[in-house]
Amino acid sequence: MTDEKILTRNFDRPDSHTLEVYRETGGYAALAKAQAMEPAAIVDEVKKSNLRGLGGAGFPTGMKWSFIPKDHPGPVYLVVNADEGEPGTFKDRYILERDPHALIEGMAITARAIRSPLGFVYIRGEYVEPWRRFTQAVREAHDAGYLGRGFDIVVHRGAGAYICGEETGLISSLEGKKGWPKVKPPFPAIKGAFGKPTIVNNVETLACVPHIVNRGAAWFAGLGTKTQGGTRMYSVSGRVKRPAVYEAPVSVTLRQLIEDYAGGVSGTGRLKAVVPGGSSAAILTADQIDVTMDVDGLKAAGSMIGSAGVIVMDESVSIPEALLVVARFYAHESCGQCTPCRESTGWIYKMVHRLVEGHGRKDDLDTIVDVAKRGAGTTICAFYDGAVGPYISYIEKFRSEFEALVKK
Amino acid sequence: MTPASATSPPTFSPEQLSEVRRLQSLYPDPRGALLPVLQMAQETLGHLSLEAQDYVGSLFGLSAAHVHEVVTFYTLFFEEAKGRHIVSVCHNLSCHLAGAQEIIAHLRQRLGIDVGETTGDGRVSLFSVECLCACEGAPMMQVDDRYEVNLTPEKVDRLLEALS
Ligand SMILES: Cc1cc2nc3c(=O)[nH]c(=O)nc-3n(C[C@H](O)[C@H](O)[C@H](O)COP(=O)(O)O)c2cc1C
Ligand code: SF4
Ligand code: FES
């Protein structure tokens with residue numbers, strides 16, 4: 001397993017956000033190389049690298065790019081998802097602030113691959129400093145001629161709504177509407193922003209692209225597992241001694257991340273549970289942490305890697321109270337379009353609340369699990385499935401803790 | 001933009017109007033600039049009154065209903081006047097695990113207001129919000145444009161004192 005830092009290699013350099021430092025460390029060499037490549041060859045290289053989307057869904061990036069219709073007459077757009085909002089995740093902020101040119105270079109290469117003249121970067125409204133830094137970097141790249149010759153970037157700010165991280169909600173918001181997700185199909189690659197074919201990728205996904213072009217698909221694929229290449233940035237927080245962003249190959253185990261990277265469990269020092277991939281991922285118990293932190297490893301463990309936001313809970317943490325916090329989030333952030341999502345997130349929050357307050361009823365637990373299971377997979381977007389994962393897993397894995405509240 | 005009143009509806013200055021046109025020209029459909037222009041209006045006015053929403057709508061050929069739907073969808077748009085400073089404490093999971101409840105209780109006590117309220121002197125509005133994605137610094141909060149991390153009651157006091 002490599003210890004080499006790739007995505008985060010410049011983070012600790014002074015002025016790492018400037019064009020000058022980016023160039024000193026080999027920046028924009030990959031773009032020059034890509035400009036001599038056929039677009040199809042770039043797509044092919046990214047396919048072979050086994051890069052999978054790092055925003056949440058883990059979809060193979062090269063394959064996504066190849067869905068753009070070949071014969072499309074009008075423009076196609078590249079949209080970068082910098083709406084980072086998944087609870088427990090804080091990696092894209094580091095790229096925007098400390099290595100913005102890595103994203104710009106990744107975008108310029110991707111734009112060539114999909115033949116896009118225009119890219120939008122949708123940055124969450126609360127990220128004011130990251131937005132300033134990134135905007136400044138776009139200006140620098142423009143002045144230096146890396147942008148403005150066939151490809152331009154518009155930096156767009158969100159206004160506070162988790163659901164705008166969902167790609168079609170993001171597109172609605174970018175179009176000047178409320179951030180309501182849209183029914184798929186059509187997928188954005190066929191009909192996306194402003195009605196045109198659109199590729200939506202996460203910040204970190206695109207920051208991988210220059211490295212793939214520079215050092216080759218085989219090298220990148222070799223860093224990871226059979227089905228996913230590369231390293232990625234794990235956000236580790238909660239009850240650990242050193243909460244931070246850690247870059248590691250995708251074959252790293254959850255145990256290594258907690259014990260070796262983050263310095264071990266804090267609080268009582270004894271692990272109780274871990275959320276491995278942002279709050280929408282099913283919770284894991286202390287005996288499940290030998291799982292590898294790639295898309296397929298977590299899927300096999302009955303959870304998901306999602307945005308790779310690892311939230312650690314030691315033995316003193318109340319799981320029902322943690323679920324209350326999580327349930328409040330989903331009740332607040334549901335966009336309200338689909339009945340199962342709108343109604344269940346609200347009611348389940350109320351039920352968890354009364355359980356935690358000691359007024360719960362005996363059959364509340366079964367009701368929550370039953371309601372959650374029925375609604376899963378019936379909604380316009382995956383937001384509701386992301387709420388169902390925690391509802392069911394917290395209750396099923398820590399049932400006695402919930403039952404103790406009812407018996408009181 | 002001058003503050004809204006019954007007699008003078010809010011309007012942008014000529015410079016702001018040309019900025020509106022520049023923003024609109026960046027998008028394949030000018031309506032893409034609605035959020036940035038609302039952000040501009042709110043920065044100038046402090047909040048987005050119905051009159052201000054109406055005016056912004058008129059610059060886009062959009063109905064008041066469309067603009068209202070947008071303004072009320074996002075947590076960073078305000079229809080009512082707010083304090084000179086906005087303090088938003090994160091109450092999501094990692095901050096919860098790091099003691100966000102105590103920080104919120106301390107802020108309520110120090111400011112003498114509840115979450116969602118503004119101090120009587122118009123200095124501070126207090127909110128509790130979902131994950132601001134700086135969980136490595138939990139417990140944390142946003143004070144206007146800045147993220148303030150690794151909060152303790154003492155650090156909160158220092159930060160509050162610095163607000164005019
Ligand atoms: C409710 C919800 C919230 C999401 N939030 C984000 C987000 O904040 N950032 C992100 O990159 N992807 C987010 N996604 C995933 C996006 O829909 C999309 O899959 C992703 O941006 C594609 O980029 P990638 O293939 O590079 O990962 C979210 C998905 C859902 C269902
Ligand atoms: S699942 Fe929930 S968040 Fe997604 S579109 Fe439906 S109501 Fe909105
Ligand atoms: S939980 Fe508070 S910043 Fe993420």
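Residues numbered from 1 in each chain as written. Chains lettered and ligands numbered in written order. Predicted model: local features only at pLDDT ≥ 70, side-chain atom pairs only at ≥ 80, totals over all residues. Heavy atoms only, no water.

### Quick word on the overall build of chain A
- Looking only at helices and strands, chain A has 17 helices and nine strands in total.
- What you see for chain A is a C-alpha radius of gyration of 21 Å, in line with the 22 Å of a compact globule of 408 residues.
- For chain A, buried positions account for 61% of its 408 residues.
- In the structure as shown, chain A presents an accessible area of about 15100 Å², 51% of it carried by carbon and sulfur atoms.
- One way to put it: in chain A the 49 positive side-chain charges average out to a point 3 Å from where the 47 negative ones average out. (Helix = DSSP H or I, 4+ residues; strand = E, 2+ residues; numbered from the N terminus. Rg over C-alpha atoms; globule rule 2.2 N^0.38 Å. Buried < 20%, exposed > 50% of the residue type's maximum accessible area, 1.4 Å probe, protein only. Areas by Shrake-Rupley, 256 points an atom, 1.4 Å probe, with all protein chains shown as cover. Lys, Arg positive; Asp, Glu negative; His and termini not counted. Charge placed at Lys NZ, Arg CZ, Asp CG, Glu CD.)

### What about the pattern of salt bridges?
Residue and element names in this part refer to chain A.
- Scanning all chains against the criterion turns up 30 salt bridges over all chains.
- Where Glu129 meets Arg132, a salt bridge forms, and the shortest distance between an N and an O atom there is 3.4 Å. Residue Glu129 and its partner Arg132 are located together in helix 7 (residues 128-143), separated by three residues, close to a single helical turn.
- By relative accessible area, which is 37% here, Glu129 ends up partly exposed.
- What makes Arg132 partly exposed here is its relative accessible area of 40%.
- One network of salt bridges, with partners in common, ties together Lys91, Asp92 and Glu204. (Salt bridge = Lys/Arg side-chain N within 4 Å of Asp/Glu carboxyl O.)

### What about the domain arrangement of chain A?
Residue and element names in this part refer to chain A.
- Considered domain by domain, chain A is made up of domain 1 (19-222), domain 2 (231-314) and domain 3 (319-403).
- For domain 1 versus domain 2, the distance between C-alpha centres works out to 26 Å.
- Contact residues are listed per partner, giving 15 residues for domain 1 and 18 residues for domain 2.
- Surface buried jointly by domain 1 and domain 2 totals about 1300 Å² across both partners, of which 57% is contributed by carbon and sulfur atoms.
- When the buried area of domain 1 at its contact with domain 2 is split by residue, Arg52, Glu86 and Phe90 rank highest and sum to 32% of it.
- Taken together, domain 1 and domain 2 are joined by one salt bridge.
- Our enumeration of links across domain 1 and domain 2 arrives at eight residue pairs in polar contact (both at pLDDT 80 or more). (Domains from an automatic or database assignment. Contact = heavy atoms within 4.5 Å. Buried area = accessible area lost by both parts, 1.4 Å probe. Polar contact = N/O pair within 3.5 Å; in protein donor to acceptor, adjacent residues only side chain to side chain.)

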